[in-house]
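Descriptive analysis of the structure
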Amino acid sequence: MIAALSDVHGPRYIGYLRASLETLKSAKLLLLAGDIVDKGEPEHVKLVMKTVREAYAGAVIAVFGNEEYDERKEQIKGADESVLWLDDEYTTVEVDGLDVAIVGTRGVLDKPTRWQERHIPGIRELYSKRLEKLGELLNRAAESSDRVILVTHYAPIGPTLEGEDPKIWSQMGSRLLTQLILRKRVDVVVHGHAHNSLRVQAQLGAAKVYNVALPAVRAVTQVVITKTGLEAFL
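Right, let's walk through the structure included here. Keep in mind that what you see is a predicted model, and the values were worked out from it rather than measured.

Overview of the packing of aromatic side chains
Inspection of the entire model under this criterion finds two aromatic pairs. Taking 6.2 Å as the distance between ring centres and 5° as the angle between the ring planes, the aromatic pair formed by Tyr 13 and Tyr 16 counts as stacked. Look at Tyr 16 and you get partly exposed, because its relative accessible area is 25%.

A short note on the sheet that holds strand β2 (residues 29-32)
Strand order in the open sheet formed by five strands is β4-β3-β2-β1-β13, and the pairing between neighbours is mixed. One side of each edge strand has no neighbouring strand; the edge strands of this open sheet are β4 (83-85) and β13 (221-223). Along the sheet, successive strands turn relative to each other by an average axial angle of 25°, direction set aside. Pairing of β2 with strand β3 (residues 60-62), which is carried by three bridges, proceeds in the parallel orientation. Counterpart to Leu 30 in the pairing with β3 is Val 60.

Observations regarding the pattern of salt bridges
Summed over all chains, the structure comprises 13 salt bridges. Here Lys 77 ties to Glu 74 by a salt bridge, and the two come within 3.6 Å at their closest N and O atoms. Taken as a pair, Lys 77 and Glu 74 lie in helix α4 (residues 73-79) at a separation of three residues, close to a single helical turn. Residue classification places Lys 77 among the partly exposed residues on the basis of a relative accessible area of 31%. The salt bridge partner of Glu 162 is Arg 199, with a shortest N-O separation of 3.8 Å. Remark: Arg 199 occurs in the loop between β10 (188-191) and β11 (201-204) and Glu 162 occurs in the loop between β8 (155-156) and β9 (173-174); sequence separation between them is 37 residues. Here the salt bridges do not stand alone but share partners, grouping Asp 70, Lys 73, Asp 87 and Arg 106 into one network.

How each quantity is defined
Residues numbered from 1 in each chain as written. Predicted model: local features only at pLDDT ≥ 70, side-chain atom pairs only at ≥ 80, totals over all residues. Heavy atoms only, no water. Phe/Tyr/Trp six-rings, centres within 6.5 Å; stacked < 30°, edge-to-face > 60°. Buried < 20%, exposed > 50% of the residue type's maximum accessible area, 1.4 Å probe, protein only. Pairing = 2+ DSSP bridges. Helix = DSSP H or I, 4+ residues; strand = E, 2+ residues; numbered from the N terminus. Axes fitted to C-alpha atoms, helices over the stretch in contact; angles between N-to-C directions. Salt bridge = Lys/Arg side-chain N within 4 Å of Asp/Glu carboxyl O.

Here it is, written out as structure tokens:
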């Protein structure tokens, strides 16, 4: 079993994590889908990981959310070096005898927020290039693994955004990312960011999608990766 969560926001939602420590005890891998800290505070990584390590001693793979500010990424990485942060990158790990590729990214928005438009030069081009790179990473991941998991802070636009105001979906996620997922071999998508989601699990083509934001789920999410077809008999 793979465990996943996001949007702890430092101390704000850590109570939901503490209440889920029993779930973490049986996890083979922990995925953190961004906004682990609040307002770029690196010390929040230490707070969250101290809680995690009360129950779980295994590998932790994380992506940056919008609260992990770009200018503080290195400080955030250095706050707990046992966490592997993926920033438009992928890695492969073994889980229950399967080679699982984890593609990690902050994600893309179809429409940058007003703050992003004002403060991040070239933000639209950045998202366009990131989407192109994600396509390349997913291709490589599919070639080198049995299963592919995409971990992104921002959401693919789809059912897991239900509960959020549809008028701002384009500033919370991306239909272009949804289309990419449908075109590529992606087995699981793990995302956060959607605090008000009413439907935290859904299907996008062959991919199972999980919104793992603690304010929405109020618990650590269990992601099950199983053998299928002939693999189950080998």
